[in-house]
Amino acid sequence: MKINFKTPVVESREQRLGTIISWDGKASDLSKESAYARGSCETTCGEKSRKLCEIEGPFTQGSVCSEQMVECQAGHIRNAVLIQHSPIGCGAGQVIYNSIYRNGLAGRNLPVENQHVICTNLLEEDMVYGGVAKLEQSIRDAWERYHPKAIFIATSCATGIIGDDVDGTASQMETELKIPVIPLHCEGFKSKHWSTGFDATQHGIIRQVVRKNPKKQEDLVNVINLWGSDIFTPMLAELGLRVNYVVDLATVEDLEQLSEAAATVGFCYTLSSYMAAGLEQEFGVPEIKAPQPYGFAGTDAWFRELARVTHREEKAEAYIAKEHARIAPRLTELRTLLKGKKGYVATGSAYAHGLITVLRELGVEVNGSLVFHHDPIYDSQDPRQDSLAHVVDNYGDVSHFTVSNRQQHQFYSLLKRVNPDFILIRHNGLAPLASRMGIPAAPLGDEHHSLGYQGIINLGESILDILAHKKFHQDLASHTKLPYKQWWLDQEDPFILAKEENPLYTEGKKHA
């Protein structure tokens, strides 16, 4: 399906990909029910081939919204400014995202600075009379303070409700300032999963920042990532290729040359799906269609496809053979040390698929995983990018595979039914609950830590480190109490509240 770049509004993941946020079962069943010509669930979903049956619970304990993903992408472009056209509460994330931005810059040996984000601070009277004047003033303030190369505008639920003419204001100011002024439509209520915010940012960049008459650079590769360490530069240098990291920590000039690259890759198809497919569609930049570069099978296939597209096959084979031989001795030791250990992965969707792959390369048992959403397909619609099928077909099934958008109350049951020795996690909000159950967590703040051949060794070493602290977490569990009633702690089904007969309501009536 062709992506529509004629409109400034991105199509949500639910509309485009059939994304779901709640499901429970075996990974093999979810893979079969997903698209790639494998058909629909054939039950109550009707004619839409991409529609998956989704569990619908009575409430949501908490989540993240699309606007926050815009904040952590467009807000982290170095010589640009992000304006949050919203009430001030939407700016609460600026604290943590500024910390992440500064740490990311330091990790890449770039000059450390604060992010440039301004909030229009919409008030009650603006909900009645409109906030366009505040937006226009904020754009002028951003120009006078920072003289940026581009200004991004993040919309909010509030501006979506009152219908401020953000596009018209952006167009007017772009003409006046003679720099791109890019509206990013990311109202939280428009999509049930935050990953639509990634797409909103990338949609605006392709529409208004990327160079429309590119001069091709045959050795340049776009790497769509977040703030991870620079592991792609030495890796791609083996093939004689240069790296163009986007979107976080990039400059506007880096974004402009996206259309000039020889190929586009990413560490996770959840993040890279939209921009990579859009660049191929609009500018003919090939997206590397292969398994993600995790574990031997995925990394081998990924390298060979990148080499084929960039005409460097011989160099790739030499590098693959060299890396296999290099890591073999330590991998053998790690497999011995980790024998009999059980791991659990709780991260974003495609990234979790990659981590499960690496754990199984290390000989770690994985019989449970939590992913925060599930895309039945990615934007390329190419089956070679079916990352869940890659895990199931090459590394075996995961018996307890759950889709849930970071619901704390479910996480206890999810861990209890598989009783892992440790968990891998990227969003640290779930880690304290695991600690209270005596389970240590490895927080993978660096998203590149487990990628490629060295990533197998890196993750094995990190697991040994956290297992060394297991006694601390067991002591913590014996001296803490979870904030839930015993009735909930006794439940074996984490989705029991979504069943037809809500037992919580029934229990309430019994005691009424």
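Residues numbered from 1 in each chain as written. Predicted model: local features only at pLDDT ≥ 70, side-chain atom pairs only at ≥ 80, totals over all residues. Heavy atoms only, no water.

Some thoughts on the overall build of the chain
Phase 1 of the analysis: Each helix and strand in the chain was counted, giving 22 helices and 13 strands.
Phase 2 of the analysis: A compact globule built from 512 residues should have a C-alpha radius of gyration of about 24 Å, and the chain, at 23 Å, falls within 12% of that.
Phase 3 of the analysis: Seen along its three principal axes, the alpha-carbon backbone of the chain occupies a region of about 70 × 65 × 50 Å.
Phase 4 of the analysis: With 512 residues in all, the chain has 57% of them scored as buried.
Phase 5 of the analysis: Summing over all exposed atoms, the chain offers an accessible surface of approximately 21000 Å²; the carbon and sulfur share of this is 52%.
Phase 6 of the analysis: A gap of 3 Å separates the mean positions of the 52 positive and 64 negative side-chain charges of the chain. (Helix = DSSP H or I, 4+ residues; strand = E, 2+ residues; numbered from the N terminus. Rg over C-alpha atoms; globule rule 2.2 N^0.38 Å. Buried < 20%, exposed > 50% of the residue type's maximum accessible area, 1.4 Å probe, protein only. Areas by Shrake-Rupley, 256 points an atom, 1.4 Å probe, with all protein chains shown as cover. Lys, Arg positive; Asp, Glu negative; His and termini not counted. Charge placed at Lys NZ, Arg CZ, Asp CG, Glu CD.)

Topic: the environment of Phe 472
Phase 1 of the analysis: Note that Phe 472 resides in helix 20 (residues 470-478).
Phase 2 of the analysis: We classify Phe 472 as exposed; its relative accessible area is 53%.
Phase 3 of the analysis: Between the C-alpha atom of Phe 472 and that of Ser 435, which follows or precedes it by 37 residues, the distance is 8.9 Å.

Some words on the sheet that holds strand 12 (residues 422-425)
Phase 1 of the analysis: With respect to topology, six strands assemble into an open sheet ordered 1-11-10-9-12-13, the strand pairing being mixed. Looking at the sheet topology across the chains shown, the edges are occupied by strand 1 (22-25) and strand 13 (441-443). Each neighbouring strand pair of the sheet contributes to a mean axis angle of 15 degrees, computed without reference to strand direction.
Phase 2 of the analysis: For strand 9 (residues 343-347) and strand 12, the ladder comprises four bridges, and the chain directions are parallel. Residue pairing in the sheet places Tyr 344 in a bridge with Ile 423 of strand 12.
Phase 3 of the analysis: Along the sheet face, helix 15 (residues 349-361) touches strand 9, strand 10 (368-371), strand 11 (400-404) and strand 12 and points at about 160 degrees away from the line of strand 9. (Pairing = 2+ DSSP bridges. Axes fitted to C-alpha atoms, helices over the stretch in contact; angles between N-to-C directions. Contact = heavy atoms within 4.5 Å.)

Side note on the nonpolar core
Phase 1 of the analysis: If you look at the biggest cluster of nonpolar residues, it comprises 136 residues, and the most contacted ones within it are Phe 152, Ile 205, Leu 306, Leu 362 and Phe 411.
Phase 2 of the analysis: If near-sequence neighbours (up to four positions away) are discounted, Leu 362 is found in contact with Leu 331, Leu 334, Arg 335, Leu 338, Ile 456, Leu 459, Gly 460 and Ile 463.
Phase 3 of the analysis: Formed by 14 residues, the second largest nonpolar core is a distinct cluster that contains Ile 118, Leu 135, Ala 142 and Val 166. (Core = buried A, V, L, I, M, F, W, Y, C linked by side-chain atoms within 4.5 Å.)

Looking at helix 12 (residues 269-283)
Each full turn of the α-helix corresponds to 3.6 residues, which orients residues three or four apart in the same direction.
Phase 1 of the analysis: Taking 1.5 Å of rise per residue, 15 residues should cover 21 Å, and helix 12 covers 20 Å from first to last C-alpha, within 8% of that figure.
Phase 2 of the analysis: Burial of helix 12 is extensive: twelve of the 15 residues sit out of reach of the surface.
Phase 3 of the analysis: Inspection of helix 12 places Tyr 269, Thr 270, Leu 271, Ser 272, Ser 273, Tyr 274, Met 275, Ala 276, Ala 277, Gly 278, Leu 279 and Phe 283 among the buried residues, and these make up the whole buried set.
Phase 4 of the analysis: Within two residues after helix 12, Gly 284 carries a phi angle of roughly 70 degrees, on the positive side. (Expected span 1.5 Å × (residues − 1).)

Points about the packing of aromatic side chains
Phase 1 of the analysis: Using the criterion set out here, one finds 13 aromatic pairs in the structure.
Phase 2 of the analysis: Ring geometry for Phe 303 versus Tyr 319: centroids 4.8 Å apart, planes at 40 degrees, classification tilted. Here Tyr 319 lies in helix 14 (residues 313-337) and Phe 303 lies in helix 13 (residues 295-310), a separation of 16 residues in the sequence. When sorted by exposure, Phe 303 lands in the same class as Tyr 319, which is buried.
Phase 3 of the analysis: When the ring of Tyr 319 is compared with that of Tyr 453, the centres are 6.2 Å apart and the planes differ by 65 degrees; the resulting orientation is edge-to-face. With a gap of 134 residues between them, Tyr 319 in helix 14 and Tyr 453 in helix 19 (residues 452-467) connect regions that are remote in the sequence. The two residues Tyr 319 and Tyr 453 agree in class, both being buried.
Phase 4 of the analysis: Aromatic ring contacts, followed pair by pair, group Phe 232, Tyr 245, Phe 296, Trp 302, Phe 303, Tyr 319 and Tyr 453 into a single cluster. (Phe/Tyr/Trp six-rings, centres within 6.5 Å; stacked < 30°, edge-to-face > 60°.)

Some details on the sheet that holds strand 6 (residues 220-225)
Phase 1 of the analysis: Spatial strand order, 7-6-8: three strands in an open sheet with parallel pairing. Each having just a single partner strand, strand 7 (242-247) and strand 8 (263-266) make up the two edges of the open sheet. On average, each strand axis in the sheet is inclined to that of its neighbour by 30 degrees, with strand direction left out of account.
Phase 2 of the analysis: For strand 6 and strand 7, the ladder comprises six bridges, and the chain directions are parallel. Its bridge partner being in strand 7, Leu 220 is matched across the sheet by Arg 242.
Phase 3 of the analysis: Packed onto the sheet, helix 13 meets strand 6 and strand 8 and runs at close to 165 degrees relative to strand 8.

Section: the packing of helix 13 against helix 19
Phase 1 of the analysis: At a closest axis distance of 9 Å, the pairing of helix 13 and helix 19 adopts a crossing angle of 160 degrees. Of the possible angle classes, the one that applies to helix 13 and helix 19 is roughly antiparallel. Between helix 13 and helix 19 lies a crossing of right-handed hand. Contacts between helix 13 and helix 19 involve Gly 295, Phe 296, Thr 299 and Asp 300 from the first element and Gly 452, Tyr 453 and Ile 456 from the second.
Phase 2 of the analysis: In terms of residue class, the contact of helix 13 with helix 19 is made up of three nonpolar, three polar and one charged. (Parallel < 35°, antiparallel > 145°, perpendicular 65-115°, else oblique. Left-handed = near helix turned anticlockwise from the far one by under 90°. Nonpolar A, V, L, I, M, F, W, Y, C, P; charged D, E, K, R; others polar.)

Overview of the pattern of salt bridges
Phase 1 of the analysis: Tallied over the full model, the rule gives 28 salt bridges.
Phase 2 of the analysis: We note a salt bridge from Glu 253 to Lys 149, for which the minimum N-O separation is 2.8 Å. Here Glu 253 is found in helix 11 (residues 252-256), whereas its partner Lys 149 is found in the loop between helix 6 (132-146) and strand 4 (150-154), with 104 residues between them in sequence.
Phase 3 of the analysis: For the salt bridge of Lys 499 with Asp 493, the shortest nitrogen-to-oxygen distance reads 3.2 Å.
Phase 4 of the analysis: Each of Arg 13, Arg 16, Asp 199, Asp 375 and Asp 379 takes part in a single network of salt bridges with overlapping partners. (Salt bridge = Lys/Arg side-chain N within 4 Å of Asp/Glu carboxyl O.)

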